[in-house]
Amino acid sequence: MNAELDELYQQVLLDHAKRPRNFGEIAEGAVHVHGDNPSCGDEIHLHVRFGEDRGVEEIKFTGHGCAISLASASLMTMKLRGRTAAEATALATALRELVTTEVAEPTAALGDLRVLGGVRKFPQRVKCAMLPWRAFEQAQAGNAGSGRVSTEA
Ligand code: ZN
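A.B. asks: How should I be thinking about the side chain of Thr-62 in this particular structure?
C.D. replies: Here Thr-62 is to be found in strand S3 (residues 56-64). You can call Thr-62 buried: its relative accessible area is 12%. At 3.1 Å, the side chain of Thr-62 and the side chain of His-47 are in polar contact. When near neighbours in sequence (up to four residues on either side) are disregarded, Thr-62 contacts Phe-23, Gly-24, Glu-25, Glu-43, Ile-44, His-45 and His-47.

Right, dumping it as structure tokens:
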């Protein structure tokens, strides 16, 4: 990756960390998952309302954490809202691949999420980037109520 692109990615990341999008709660009908990353101190509370077909109708988050975890959560909510269950699963898989393996061509569908690719060199940061996504996968798996997920589990 050239330096200019690297800098652009940093800016996108910091912008989302400073001004997270979709930060807040969902009033009704949401599944809540508390994501915990004790090694960094990130705590992401994910709120998702699924449609009848398990598509992502609404998705928001609250909590606190480092720049990587907040940017990942912010970008994730933007990317997942309005997706079908299959699209959301595919994006979660592509993101996991992006941050854990050396991929020559990141899946284009990831869009701005590709800024997270740089974390793969830093295992501790991979946990931060994955935290909101692990919470989302937990939300997808559960039918109602609340769940918990931890990077240490
Ligand atoms: Zn973190």
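A.B. asks: What should I look at first to understand the coordination of the zinc ion in this one?
C.D. replies: The reference angle at a metal is 109.5 degrees if four donors form a tetrahedron and 90 or 180 degrees if six donors form an octahedron. At the metal site, the zinc ion is ligated by Cys-40 (SG), Asp-42 (OD), Asp-42 (OD), Cys-66 (SG) and Cys-128 (SG), and these contacts range over 2.1 to 2.6 Å. Read N to C, the donor residues that coordinate the zinc ion are spaced as C-x1-D-x23-C-x61-C. Placement of the pair is Cys-66 in the loop between S3 and helix H2 (67-80) and Cys-128 in helix H4 (residues 123-141), with a sequence separation of 62 residues. No difference in accessibility class separates Cys-66 from Cys-128, as the two residues are buried.

A.B. asks: Is there a simple way to explain the side chain of Asn-37 in this structure?
C.D. replies: Counting through the fold element by element, Asn-37 comes out in strand S1 (residues 31-37). With a relative accessible area of 0%, Asn-37 lands in the buried category. Side-chain polar atoms of Asn-37 contact the side chain of Ser-39, separated by 3.0 Å. Excluding its chain neighbours within four sequence positions, the residues that come into contact with Asn-37 are Asp-42, Lys-127, Cys-128, Leu-131, Thr-151 and Glu-152.

Calculation criteria
- Residues numbered from 1 in each chain as written.
- Predicted model: local features only at pLDDT ≥ 70, side-chain atom pairs only at ≥ 80, totals over all residues.
- Heavy atoms only, no water.
- Helix = DSSP H or I, 4+ residues; strand = E, 2+ residues; numbered from the N terminus.
- Buried < 20%, exposed > 50% of the residue type's maximum accessible area, 1.4 Å probe, protein only.
- Polar contact = N/O pair within 3.5 Å; in protein donor to acceptor, adjacent residues only side chain to side chain.
- Contact = heavy atoms within 4.5 Å.
- Donors = N, O, S within 2.8 Å, 3.2 Å for Na, K, Ca; no water.

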